[in-house]
Amino acid sequence: MAKLLARRFAKIAINSIKSQIELSSSGHEVLKALKSPGVTREEIVLGMRHLARNVRSQESERSLLADSDYKDLKQFVESNLDKLGPQEIVNLSFWVGSLSTQNSSELTKEGELKLLDRIKNISNDQVFTFEQILELFRNLRTWGKYSYELEKIVFNFLDQNQESISMKQVVDLLKNSMESMKSPKINFVSRLVQSIDSKGIENLTTKQSIEVFNLLSKINEEEINRVSIVLKKIVNALSQKVNEMSEQEILEILDLHIKMTNITRNLLVGVFSRMTKDLETRPQDYSNFFVLKSVTKLAGLIKTGEYTIPKDLKNVILNETKERIDENFVPSSDFADVILDLIVIEKALPKDLVLSLVKKTQELKRPGIWTFATIRAFELLEIPTDHLLLRVNSI
């Protein structure tokens, strides 16, 4: 009996209009579902969201926008804008944001104003969840409806829910706003940064700290002083966590320094120290990927002209790279870049490393590597290319 009921309810779920919409693979299937008897306003709005997703991902679906059934649905939606609930607003903002352009909108001017007024009224009642606020912000930005009112909605939500909103949620909102704005609004960004600061920079995870730092470093030079105090706090917090960082986090830290040399210099000292110690005492704990990427990152730092790599770190990186080359752990696709980056780190490469490079180059027998990286590398090393045992004509 239980199995029979389970199958019956499963069949009902599959046949429900909402399920048909969510499982649809084309806009035509969505329109077909929306023609079903008894379809509700909530289902129609959900259907508009899925229609927009299909049209946006498949150009062939755009012809649906001229369909008479679709036009009837638009009229229905516009006549019910003042009745929409929170999730319906989010779904509809996705629809109109996805399909509207600078020259045309899926809503009339009157409809646009009605929807924006409905958003304002709903937000005053504090019925949106954080996830809905986050998506609504993104959808309105896509639609080109960023405004002071939208900022106010977000600020009011933050003020009313400061205790319940997690650090991750605030960071997600910052990320969402920075990525959706061609020119981030500094007042809005500063307010989000204040919220992060009030929750305690020390409570950011290493990953979040790096993410926030990367986002804020994109602010133009004239306005970055508005968040410089928080940037310095993040760097100080990261400095305390150097010994806990993963390989990927260390590599990301090396990228931070290329962007913000004046703030992050002290953090780099700690990262250099850890890399030197660990690669000397337990190199087996580090992947080939990390060693090779470290070569690239360190070469990048040197090229900025802002940094000097400690001699101890240079030596350990050169030694460890030689070991990886000798053990055939350097992919041939990366070899050209490795040679040139090594020369950036230390022009006077150790003789044993040079020999390893020569041997590896012979084994690869790839014209691209010989004609570009190898010749250039050995010229920089002041090694006559005719000393190589490689026979170019045989490649």
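Look up a bit, the structure's there.
From a predicted model like this one, the values you see are computed outputs, not experimental measurements. (Residues numbered from 1 in each chain as written. Predicted model: local features only at pLDDT ≥ 70, side-chain atom pairs only at ≥ 80, totals over all residues. Heavy atoms only, no water.)

A.B. asks: Could you give an account of the overall build of the chain, naming the residues involved and the relevant values?
C.D. replies: Secondary structure assignment for the chain yields 20 helices and zero strands. Looking at the chain residue by residue over its 395 residues, the buried ones come to 49%. Taking the intrachain contacts of the chain between residues at least 6 apart in sequence as the baseline, contacts between residues at least 24 apart amount to 72%. (Helix = DSSP H or I, 4+ residues; strand = E, 2+ residues; numbered from the N terminus. Buried < 20%, exposed > 50% of the residue type's maximum accessible area, 1.4 Å probe, protein only. Contact = heavy atoms within 4.5 Å.)

A.B. asks: So, helix α4 (residues 41-57): which residues are in play, and what are the values?
C.D. replies: In an α-helix, one turn spans 3.6 residues; hence positions three or four apart end up facing the same way. Along its 17 residues, α4 runs 25 Å from first to last C-alpha, staying within 8% of the 24 Å computed at 1.5 Å per residue. Of all 17 residues that make up α4, twelve are buried, and the element is covered over most of its length. Taken together, the buried positions of α4 are occupied by E43, I44, V45, L46, G47, M48, R49, H50, L51, A52, N54 and V55. At its buried positions, α4 is contacted by α2 (17-22), α3 (27-34), α5 (68-79), α6 (86-99) and α8 (130-143). (Expected span 1.5 Å × (residues − 1).)

A.B. asks: Would you mind going over the nonpolar core in detail, with residue names and values included?
C.D. replies: One finds W95, L115, L174, I196, L216 and I317 to be the most contacted residues of the largest nonpolar core, which totals 111 residues. When near neighbours in sequence (up to four residues on either side) are disregarded, L216 contacts L174, M178, V189, V193, I224, V227 and L231. (Core = buried A, V, L, I, M, F, W, Y, C linked by side-chain atoms within 4.5 Å.)

A.B. asks: Which residues make up the packing of aromatic side chains, and what values do they have?
C.D. replies: Enumeration over the complete set of coordinates arrives at four aromatic pairs. Seen from their ring centres, F155 and F188 are 5.5 Å apart, and the 20 degrees between their planes marks the pair as stacked. One end of the pair, F155, is in helix α9 (residues 148-160); the other, F188, is in helix α11 (residues 186-199), with 33 residues separating them in the sequence. Considered together, F155 and F188 belong to a single accessibility category, that of buried residues. Residues Y286 and F290 carry aromatic rings whose centres are separated by 5.0 Å and whose planes lie at 40 degrees to one another, so their mutual orientation is tilted. (Phe/Tyr/Trp six-rings, centres within 6.5 Å; stacked < 30°, edge-to-face > 60°.)

A.B. asks: Now, about the packing of α4 against α6: what can you tell me, with residues and values included?
C.D. replies: Axes are the key here: two packed helices are described by the angle between their axes and the distance separating the axes. Where α4 meets α6, the axes come as close as 8 Å, and the angle between the chain directions of the two elements is 30 degrees. Relative to α6, the element α4 is oriented roughly parallel. Considering only the axes of α4 and α6, their crossing is left-handed. Facing α4, whose interface residues are R41, E42, V45, L46, M48, R49, A52, R53, V55 and R56, α6 presents E88, V90, N91, L92, F94, W95, S98 and L99. Split into classes, the residues belonging to the contact of α4 with α6 amount to ten nonpolar, two polar and six charged. (Axes fitted to C-alpha atoms, helices over the stretch in contact; angles between N-to-C directions. Parallel < 35°, antiparallel > 145°, perpendicular 65-115°, else oblique. Left-handed = near helix turned anticlockwise from the far one by under 90°. Nonpolar A, V, L, I, M, F, W, Y, C, P; charged D, E, K, R; others polar.)

A.B. asks: I'd like to hear about the pattern of salt bridges, residue by residue, with values.
C.D. replies: Applying the stated criterion to the full structure yields 19 salt bridges. For the salt bridge of D341 with K303, the shortest nitrogen-to-oxygen distance reads 4.0 Å. Of this pair, D341 sits in helix α18 (residues 332-345) while K303 sits in helix α16 (residues 288-304); the two residues are 38 residues apart in sequence, bridging distant segments of the chain. Overall, K303 belongs to the exposed group, its relative accessible area being 57%. The partner of K322 in a salt bridge is D326, with the nearest N and O atoms 2.4 Å apart. On the criterion of helical spacing, the pair formed by K322 and D326 is a turn pair, its members being four residues apart in helix α17 (residues 311-326). Residue classification places D326 among the partly exposed positions, given a relative accessible area of 38%. A single network of salt bridges, built from pairs that share partners, joins R274, D278, R282 and D285. (Salt bridge = Lys/Arg side-chain N within 4 Å of Asp/Glu carboxyl O.)

A.B. asks: Hey, could you go over the side chain of R324 for me, with residue numbers and the actual values?
C.D. replies: Along the chain, the position of R324 falls in helix α17. Within polar-contact distance, the side chain of R324 engages the backbone oxygen of Y286 at 3.1 Å. (Polar contact = N/O pair within 3.5 Å; in protein donor to acceptor, adjacent residues only side chain to side chain.)

A.B. asks: Requested: an account of the packing of α8 against α9, with residues and values cited.
C.D. replies: Interhelical geometry of α8 versus α9 gives an angle of 165 degrees and a closest axis separation of 11 Å. Judged on the interaxial angle alone, α9 and α8 are roughly antiparallel. Considering only the axes of α8 and α9, their crossing is left-handed. On the side of α8, the interface is formed by F130, I133, F137 and L140, while α9 contributes L150, I153, V154 and F157. For the contact of α8 with α9, the class distribution of residues is eight nonpolar, no polar and no charged.

A.B. asks: Explain the environment of L251 to me, and be specific about the residues and the numbers.
C.D. replies: Within the fold, L251 resides in helix α14 (residues 247-259). In sequence terms L251 and S294 are 43 residues apart; their C-alpha atoms lie 6.8 Å from each other. When sequence neighbours within four positions are dropped, the list of residues in contact with L251 reads F289, F290, K293, S294 and K297.

A.B. asks: Residues and numbers for α6, please.
C.D. replies: For α6, which comprises 14 residues, the first-to-last C-alpha distance of 20 Å matches the rise-based estimate of 20 Å (1.5 Å per residue) to within 8%. Buried residues dominate α6, accounting for twelve of its 14 residues. The set of residues buried in α6 consists of E88, I89, V90, N91, L92, S93, F94, W95, V96, G97, S98 and L99. On its buried face, α6 sits against α4, α5, α7 (109-124) and α8.

Honestly, that's just the spatial picture; any functional story needs more than this.
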